[in-house]
Amino acid sequence: MNKPKVIVTRCWPAEVESQLKALYDVQLNESDIPMNADALKLAMQTADALLPTVTDTITADIIGVDNRRVKIIGNFGVGYNNIDINAAKGHGLVVTNTPHVLTDCTADIAMLLLLMSARRASEAERMILSGQWTGWGPTQLVGQKVTGKTLGLIGFGRIAQAMARKAHHGFGMKILFYVPSAPEQAIVDELQAVRCETVEELLSEAHFVSLHCPGGPATKHLINGQRLKLMRPSAHLINTARGDVVDSHALIKALKAGWIAGAGLDVYEGEPNINPGFLELDNVTLLPHIGSASEETRAAMGNRVLQNISAFFAGLEPADRVA
Ligand code: DGY
């Protein structure tokens, strides 16, 4: 029997690509240059499975292409707001993601950003790199203490809970969270976490706010100018979720005007373009979407996609089916 044809849109960890080569008739992307809409449409017409990632926008137009052959989209990423999921459902297309395996690494990056922002680490490093450090000073680069402070989490899924564990058990932080539907009580109890009734309540109480909700139209600009004004002037905002959850113009205004003390960002509206306003600020820490970027996690994400498509081609239900 012919092996199913699989198209991978970006470079993947070498060990996963080797497995793909062994199991499938695979088209890899050695250049790692993202495919444009026409190339994605052609891929939909020529492969049985498309394996895209968060940098590929899979629109209704691409999904609805004439003579589509693809039956499963195995997304390399837990977030799947890059895919028009309603269009996929409408066309009976199976879509899977890669949950669980990136939880800890993404929570680590959220914690890293929190610490860097609180303790002004980027600004401090820039001082050394630019040759401007003249020596220790009692009032130099004074930031905010983290231990014992209050962390507010917007969204309370796996990554938020992993961050809450690190913050509560490692840094003695008090945990507040906002989420529309109640989580398991055992988790809330373990973290001595307090559920806020509204986003506004959480924003006005927390010393640090970390975003962990999904991207997409429902959460676009959830954090806007009005809400940033509710935060403490000493507060820091951390975003490892999706860029469009925050109105970047409003955040730049808030950071410039001192409505909040700092921000740590791993994701951006319209990335890889970054609002140039951020580049002029000292009180923002900027990382290039590296939440899941550890050797172990990236390999595990690839393996998770492999398991999903193997199940599908064996006529079974893929474990991480989202459409
Ligand atoms: C995801 O998986 O959604 C991340 O943003 C990329 O690791």
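Residues numbered from 1 in each chain as written. Predicted model: local features only at pLDDT ≥ 70, side-chain atom pairs only at ≥ 80, totals over all residues. Heavy atoms only, no water.

### Examining the sheet that holds strand β6 (residues 150–154)
Here is step 1: Judged by pairing direction, the sheet is parallel, and its 7 strands sit side by side in the order β8-β7-β6-β9-β10-β11-β12 without closing on themselves. Across the chains shown, the open sheet's two edge strands, defined by having one partner strand only, are β8 (194–195) and β12 (284–286).
Here is step 2: Examined bridge by bridge, β6 and strand β9 (residues 208–211) share 4 bridges and lie parallel to one another. Within β9, the position partnered with I154 by the bridge is L211.
Here is step 3: The sheet contacts of helix α5 (residues 103–118) involve β6, β9, β10 (236–239), β11 (262–265) and β12, and relative to β10 the element is tilted by about 150°.
Here is step 4: Contacts between helix α7 (residues 158–171) and the sheet are confined to β6, β7 (174–178) and β9, with β6 contributing the most and set at about 175° to the helix. (Pairing = 2+ DSSP bridges. Helix = DSSP H or I, 4+ residues; strand = E, 2+ residues; numbered from the N terminus. Contact = heavy atoms within 4.5 Å. Axes fitted to C-alpha atoms, helices over the stretch in contact; angles between N-to-C directions.)

### Structural notes on the domain arrangement of the chain
Here is step 1: By domain assignment, the chain separates into domain 1 (5–101 + 295–313) and domain 2 (103–286).
Here is step 2: Contacts between the two partners involve 8 residues from domain 1, matched on the other side by 6 residues from domain 2.
Here is step 3: When domain 1 packs against domain 2, close to 560 Å² is buried across both sides, 45% of that on carbon and sulfur atoms.
Here is step 4: Considering only the side of domain 1, the residues that lose the most area to domain 2 are N81, H100 and T297, jointly responsible for 65% of the buried surface there.
Here is step 5: The tally of links between domain 1 and domain 2 comes to 0 salt bridges.
Here is step 6: At the boundary of domain 1 with domain 2, the tally comes to 2 residue pairs in polar contact (both at pLDDT 80 or more).
Here is step 7: Grouping the constituent residues of the side of domain 1 that touches domain 2 by class yields 4 nonpolar, 4 polar and no charged. (Domains from an automatic or database assignment. Buried area = accessible area lost by both parts, 1.4 Å probe. Salt bridge = Lys/Arg side-chain N within 4 Å of Asp/Glu carboxyl O. Polar contact = N/O pair within 3.5 Å; in protein donor to acceptor, adjacent residues only side chain to side chain. Nonpolar A, V, L, I, M, F, W, Y, C, P; charged D, E, K, R; others polar.)

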